[in-house]
Amino acid sequence: MLVDISMLGLVKAHCDRIPRYDYNPDGDKLPPCHLLSPPPQSPPHPSPPPLPSPPLLPSPPPHPSPPPHPSPPPVPQACPPIPNQGGEQGDYGLVYERRARPDININHLTQSVVLPKMQEAMVFVNALHHASLDDAVSKLDNDTLHRLCNPPQECLSIDSPGTKYSIKTYLTLEHSSQVAYQSVCNVAKRNFAGAPGVEDILSSYSVEKLIANYTSIQTVEHDMCPDTCLAYTGPFAALEECPLCGISRWNQEKLHASHGCIKVATRKFTTILLGPQIQGLYRDPQSAQEMQYLYEQTQQILEQVRQTGEIPGVDDVTMGWDYLGAVLDGDIKPDDVVLMVSMDSAQLYNSKALDCWMYIWIALNFPPDKCYRKAHILPGSFIPGPNKPKNVDSFLFVGMHHLAALQREGLRIWNASHNVNLRSDLYLLFTTADGPGLVYWDGMVGHRGKNGC
């Protein structure tokens, strides 16, 4: 499932239940409430004594009904054994109440919705439910698809001084033009002619390709409205113009010049694929070793819960039941990657009203002091401005579709720290944003709405 965030409660120790009793002020225990007879009521006015009548035999006192037997306590279900790194089954002796899984018939829900906005949303949900790496939404070429199924099994090493110089120069001049980069490299070749590695200085195109290969960056582009209203994905994929603003999808100059034969989108937005980036993290031995933190920390927390029955002070995601419940249910396994996605907007220039929306992936397998470092942040997508997107779901759909496809088919990974091939199932734990941005995840009215949800 795409998002599985639910609360998990511990079942307390078994205790004997007793029937409820009332207690008087003196502390004497009285019989159960339903066996007490009401107190006698005195007549409002005195009446003359009745005439004597023949004596009657005393009737036997009624037998009090026994108190109802307490219902037996619910039998908790034991957690499944947690697999250790070596493949053995670890029994932590934890007893807890399993989280109830929602039973949702997506096809029936799609047919029953009436409101147009909900119908659009259900089209996206259905596409995520049937997502695949080789469908039309993914737009993966053969090389990228082959790499996802067969990850490279060698560590990348850069030994040439010229190649190192090219990468450092490119990153230093990241805000400059390609002409500026090429000029600096040409000066270095002339001034240091004959130096070791000077002939290995790369062109701008070559160094970009090398960095993309080293970081496993793979991008896909999709058409969008020129006014940033929506992206032409899901239910909008076949439209010729924006249903919100009415602007044509195609570049009018090229369309008229070709007499309507050449259709080129006016604007596109970029999505950076998540799967190749995760494969790149495991391709580096140090990074792959650091990503073992989540599993090792989880074992320590579960062991402490087994011994003391309590979770220590909460200072990491491993100490919350949103995560531990998924581990005990078997939804998160030792080799899985746990993710958090965060979305926000940014103003790129101080003197220009040019806003850009973006979202990033955070791999929670890293320690807390490293998972938020720039080297470990995984970019998701960039939505160009200058206007605020009106249908954010259409932009988020591409990245979420790729995630759903990887969840269905699994992500093949080569772990450089152990030199093993493994399959990882991606688990999206949290969707985060600031206050105004959260409405795009939960679909609520937002802080400017007249009526709350």
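Procedures and definitions
- Residues numbered from 1 in each chain as written.
- Predicted model: local features only at pLDDT ≥ 70, side-chain atom pairs only at ≥ 80, totals over all residues.
- Heavy atoms only, no water.
- Pairing = 2+ DSSP bridges.
- Helix = DSSP H or I, 4+ residues; strand = E, 2+ residues; numbered from the N terminus.
- Axes fitted to C-alpha atoms, helices over the stretch in contact; angles between N-to-C directions.
- Contact = heavy atoms within 4.5 Å.
- Parallel < 35°, antiparallel > 145°, perpendicular 65-115°, else oblique.
- Nonpolar A, V, L, I, M, F, W, Y, C, P; charged D, E, K, R; others polar.
- Buried < 20%, exposed > 50% of the residue type's maximum accessible area, 1.4 Å probe, protein only.
- Salt bridge = Lys/Arg side-chain N within 4 Å of Asp/Glu carboxyl O.
- Core = buried A, V, L, I, M, F, W, Y, C linked by side-chain atoms within 4.5 Å.
- Expected span 1.5 Å × (residues − 1).
- Arc of directions from axis to C-beta.
- pLDDT = per-residue confidence, 0-100.

*Asks:* I'd like a rundown of the sheet that holds strand S8 (residues 355-363), residues and numbers included.
*Replies:* Spatially, S5-S6-S9-S8-S7-S12 is the arrangement adopted by the 6 strands of the open sheet, whose pairing is mixed. Edge positions in the sheet fall to strand S5 (219-224) and strand S12 (426-433), since each has one partner strand and no second. If you compare each strand with its neighbour and ignore which way they point, the axes differ by 20° on average. Direction of pairing for strand S6 (residues 267-272) relative to strand S9 (residues 377-384): antiparallel, over a ladder of 2 bridges. Across the sheet, the residue bridging to Thr270 is Phe382, located in S9. Here helix H12 (residues 392-409) sits on the sheet in contact with S5, S6, strand S7 (337-347), S8, S9 and S12, set at roughly 160° to S12.

*Asks:* Describe the packing of helix H5 (residues 178-191) against helix H6 (residues 204-215), listing the residues and the values that go with them.
*Replies:* Two numbers describe how H5 lies on H6: the axes approach to 10 Å, and their chain directions differ by 100°. Relative to H6, H5 is oriented roughly perpendicular. Judged by residue contacts, Gln178, Tyr181 and Gln182 of H5 engage Ser204, Val207 and Glu208 from H6. Along the lines of polarity and charge, the residues of the contact of H5 with H6 split into 2 nonpolar, 3 polar and 1 charged.

*Asks:* Talk me through the side chain of Ser287; I want residue IDs and the actual numbers.
*Replies:* Relative to the assigned elements, Ser287 resides in helix H9 (residues 285-290). Not counting residues up to four positions away in its chain, the partners in contact with Ser287 are Leu281 and Phe366.

*Asks:* Now, about the environment of Leu274: what can you tell me, with residues and values included?
*Replies:* Note that Leu274 resides in helix H8 (residues 274-283). C-alpha of Leu274 to C-alpha of Trp361: the two residues are 87 residues apart in sequence and 7.9 Å apart in space. Residues within four places of Leu274 in sequence aside, it is in contact with Leu339, Trp361, Leu378, His402, Leu403 and Leu426.

*Asks:* Talk me through unusual backbone geometry; I want residue IDs and the actual numbers.
*Replies:* That bond from Gly385 to Pro386 is cis: its omega, 5°, falls within 30 degrees of zero. Here Lys139, not a glycine, exhibits a phi torsion of approximately 55°, which is positive. Mapped onto the fold, Lys139 is located in the loop between helix H2 (116-129) and helix H3 (142-149). Despite not being glycine, His259 has its phi angle at roughly 55°, a positive value. With respect to the element layout, His259 can be found in the loop between helix H7 (252-257) and S6. Judged by relative accessible area, which is 72%, His259 ranks as exposed.

*Asks:* Residues and numbers for the pairing of strand S11 (residues 420-424), please.
*Replies:* Where strand S10 (residues 411-415) and S11 come together, 5 bridges link them in antiparallel fashion. Within the sheet, the bridge partner assigned to Ile413 lies in S11 and is Leu422. Where S10 folds back onto S11 in an antiparallel hairpin, the turn is made up of 4 residues, including Asn419, whose phi is positive at roughly 55°.

*Asks:* Break down the pattern of salt bridges for me, with residues and values.
*Replies:* Opposite charge on two side chains makes pairing possible when the charged atoms of those side chains draw close. Scanning all chains against the criterion turns up 9 salt bridges. Across the salt bridge formed by Glu154 and Arg283, the nearest N and O atoms sit 2.9 Å from each other. In this pair, Glu154 is assigned in the loop between H3 and helix H4 (161-172) and Arg283 in helix H8, connecting sequence segments 129 residues apart. For Glu154, a relative accessible area of 43% corresponds to the partly exposed category. Accessibility expressed as a relative area gives 8% for Arg283, which makes it buried. What emerges from the salt-bridge pattern is a single network uniting Lys333, Asp336, Arg423 and Asp425.

*Asks:* Which residues make up the environment of Glu208, and what values go with them?
*Replies:* Of note, Glu208 is situated in helix H6. Here Glu208 falls in the partly exposed class, since its relative accessible area comes to 31%. Residues contacting Glu208, with those up to four places away along its chain left out, are Tyr170 and Gln178.

*Asks:* Account for the nonpolar core, naming residues and giving values.
*Replies:* In this structure, Leu274, Ile278, Tyr323, Leu339, Trp361, Leu403 and Leu426 are the most contacted members of the largest nonpolar core, which totals 73 residues. Here Leu339 is in contact with Leu274, Ile278, Trp361, Ile362, Ala363, Leu364, Leu403, Leu426, Tyr427, Leu428, Leu429 and Phe430, once residues within four sequence places are set aside. In terms of nonpolar packing, the next biggest core, distinct from the first, is built from 8 residues, Tyr181, Cys185, Val198 and Val207 among them.

*Asks:* Before we move on, could you go through H6 and cite the residues and values that matter?
*Replies:* The terminal C-alpha atoms of H6 lie 17 Å apart, and with 12 residues this matches the ideal 16 Å at 1.5 Å per residue to within 8%. Residues of H6 that are buried include every one of Ser204, Val207 and Ile211, and no others. For H6, the arc enclosing every buried residue in end-on projection is 70°, short of the 170-degree limit, so these residues lie on one face. Across H6 from its buried face, at more than 90 degrees, point the exposed residues Tyr205 and Lys209. Ser216 occupies a position one or two residues after H6 and carries a positive phi of about 60°.

*Asks:* I'd like a description of the confidence of the model for the protein, backed by residues and values.
*Replies:* Counting all residues, the mean pLDDT for the protein is 80, and 78% of those residues have values of 70 or more. Least confident of the elements in the protein is strand S1 (residues 77-78), whose mean pLDDT is 37; most confident is H12, at 96. Within the model, the stretch residues 1-91 combines pLDDT values under 50 with 96 contacts to residues more than four positions away or in other chains.

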